[in-house]
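The primary structure of each chain is shown beneath.
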Amino acid sequence: MDWSHYRFRTRWTLAAPLADVYDALEQAEDYPRWWPQVREVDRIDDTSGVVRIRSLLPYDLTFTARETRRDPAAGVLEIAMTGDLDGWARWTLTETGSGTLADYDQEVDVTKPLMRRLAVPGRPLFRANHALMMRAGRRGLAAHLQAV
C-alpha cells in the first residue's frame, strides 16, 4: 500500500438550485471568500491556477490546478493537480427536489516531503484534516449561496 496515496469522497447537500451551486464552484478564484482553508487561488490563465490550502494542521499545500472538464449540462467540474498534490478532483452536481447534491471525488498522491516522511503515523490526522476542511467548505458555500 502506498501510504501517500489518498482517495476521498464527500457529499454536500445544499439548499440551492444546481445552476447557482455550479456557478459558485466554477469560480475557483472566489473560493477564499467562502472557504476558509482555501487561502489563495492565483489564476495563471483561463483554465489553470495556483492554489494554496491550509486546514487545521500547521502546513500549507500548494498545487497547480488545470481544468480538464467543465460541463454545465452534466453538472461536472474536474481538475488535474500537480505540486504538493498530484492527481485529480471532480465535482458532480445532481439536482434534488429540495436543492443540489454536490459529490466531490479526489484521488491524489502527496508529494510534499514532510507529509511523505510522516505518511504512516500521520495518515489518520491527514484524513481528519481533510474532513474538517470539507465540512468547513460546505458550511461556507451554503452561507455564500444564501447571501447571493
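Just above sits the structure.
### Digging into the environment of L114
Part 1 of the reasoning: Assignment of secondary structure puts L114 in helix α3 (residues 113–117).
Part 2 of the reasoning: A relative accessible area of 43% means that L114 is categorised as partly exposed.
Part 3 of the reasoning: With 18 residues separating them in the primary sequence, L114 and T96 have C-alpha atoms 42 Å apart.

### Some thoughts on a nonpolar patch on the surface
Part 1 of the reasoning: Taken together, the side chains of M1, W3 and V120 define a hydrophobic patch exposed on the protein surface, amounting to about 350 Å² of accessible area.
Part 2 of the reasoning: By secondary structure assignment, the location of M1 is in the segment before β1 (5–14).
Part 3 of the reasoning: Overall, M1 belongs to the exposed group, its relative accessible area being 71%.

### What about the nonpolar core?
Part 1 of the reasoning: The biggest cluster of nonpolar side chains holds 38 residues, and the ones touching the most others in it are W12, V21, L25, W35, V38, W91 and L141.
Part 2 of the reasoning: W12 has contacts with W35, W91, T100, L101, A102, M134, G137, R138 and L141, leaving out every residue within four places of it along the chain.

### Details of the pairing of strand β4 (residues 61–71)
Part 1 of the reasoning: In the sheet, strand β3 (residues 48–53) pairs with β4 via six bridges, with the strands oriented antiparallel. Considered in β4, the bridge of V51 is made with F63.
Part 2 of the reasoning: Across eight bridges, β4 lies against strand β5 (residues 76–83) in antiparallel orientation. Bridge pairing in β5 places R70 opposite L77.
Part 3 of the reasoning: Between β4 and β5, which pair antiparallel one after the other, the connecting turn spans four residues, and G75 there sits at a positive phi close to 70°.

### Side note on the sheet that holds strand β6 (residues 85–96)
Part 1 of the reasoning: Read across the open sheet, the seven strands follow the order β1-β7-β6-β5-β4-β3-β2; overall the sheet is antiparallel. The sheet is open, and its two edges are formed by β1 and β2 (38–45), each paired on a single side. Neighbour-to-neighbour, the strand axes of this sheet turn through a mean angle of 20°, independent of strand direction.
Part 2 of the reasoning: One ladder, built from ten bridges, connects β1 with strand β7 (residues 99–110); its direction is antiparallel. Paired with F8 across the two strands is Q106, which belongs to β7.
Part 3 of the reasoning: The sheet contacts of helix α1 (residues 18–26) involve β1, β2, β4, β5, β6 and β7, and relative to β6 the element is tilted by about 160°.
Part 4 of the reasoning: Strand contacts of helix α4 (residues 119–147): β1, β2, β3, β6 and β7, with the helix running at about 25° to β1, the strand carrying the most contacts.

### Some details on the environment of D84
Part 1 of the reasoning: Structurally, D84 can be placed in the loop between β5 and β6.
Part 2 of the reasoning: Counting along the chain gives 25 residues from D84 to D109, while the straight-line C-alpha distance between them is 8.4 Å.
Part 3 of the reasoning: Setting aside its immediate chain neighbours within four residues, D84 contacts D60, L61, T62, F63, D109, V110, T111 and K112.
Part 4 of the reasoning: Only 2.9 Å separates the side chain of D84 from the backbone nitrogen of T62, close enough to count as a polar contact.

### Notes on the side chain of D105
Part 1 of the reasoning: Along the polypeptide, D105 turns up in strand β7.
Part 2 of the reasoning: A distance of 3.1 Å separates a polar atom in the side chain of D105 from a polar atom in the side chain of R9.
Part 3 of the reasoning: Setting aside residues no more than four positions away along its own chain, D105 makes contact with F8, R9, W88, A89 and R90.

### Here we look at the packing of aromatic side chains
Two descriptors summarise a pair of aromatic rings, namely the distance from one centre to the other and the angle between the planes of the rings.
Part 1 of the reasoning: Going through the model one piece at a time under the given rule, you end up with eight aromatic pairs.
Part 2 of the reasoning: Plain terms: the ring middles of Y31 and W34 are 4.9 Å apart, the flat faces sit at 50° to each other, and that makes the pair tilted. With Y31 and W34 both in helix α2 (residues 31–34), this residue pair falls three residues apart, about one helical turn. Like W34, Y31 is buried.
Part 3 of the reasoning: Here W91 and Y104 contribute two aromatic rings whose centre-to-centre distance is 4.8 Å and whose plane-to-plane angle is 55°, an arrangement assigned as tilted. With a gap of 13 residues between them, W91 in strand β6 and Y104 in strand β7 connect regions that are remote in the sequence.

Scoring rules and cut-offs
- Residues numbered from 1 in each chain as written.
- Predicted model: local features only at pLDDT ≥ 70, side-chain atom pairs only at ≥ 80, totals over all residues.
- Heavy atoms only, no water.
- Helix = DSSP H or I, 4+ residues; strand = E, 2+ residues; numbered from the N terminus.
- Buried < 20%, exposed > 50% of the residue type's maximum accessible area, 1.4 Å probe, protein only.
- Patch = residues over 30% accessible without salt bridge, like charges linked within 9 Å, V, L, I, M, F, W, Y side chains within 5 Å.
- Areas by Shrake-Rupley, 256 points an atom, 1.4 Å probe, with all protein chains shown as cover.
- Salt bridge = Lys/Arg side-chain N within 4 Å of Asp/Glu carboxyl O.
- Core = buried A, V, L, I, M, F, W, Y, C linked by side-chain atoms within 4.5 Å.
- Contact = heavy atoms within 4.5 Å.
- Pairing = 2+ DSSP bridges.
- Axes fitted to C-alpha atoms, helices over the stretch in contact; angles between N-to-C directions.
- Polar contact = N/O pair within 3.5 Å; in protein donor to acceptor, adjacent residues only side chain to side chain.
- Phe/Tyr/Trp six-rings, centres within 6.5 Å; stacked < 30°, edge-to-face > 60°.

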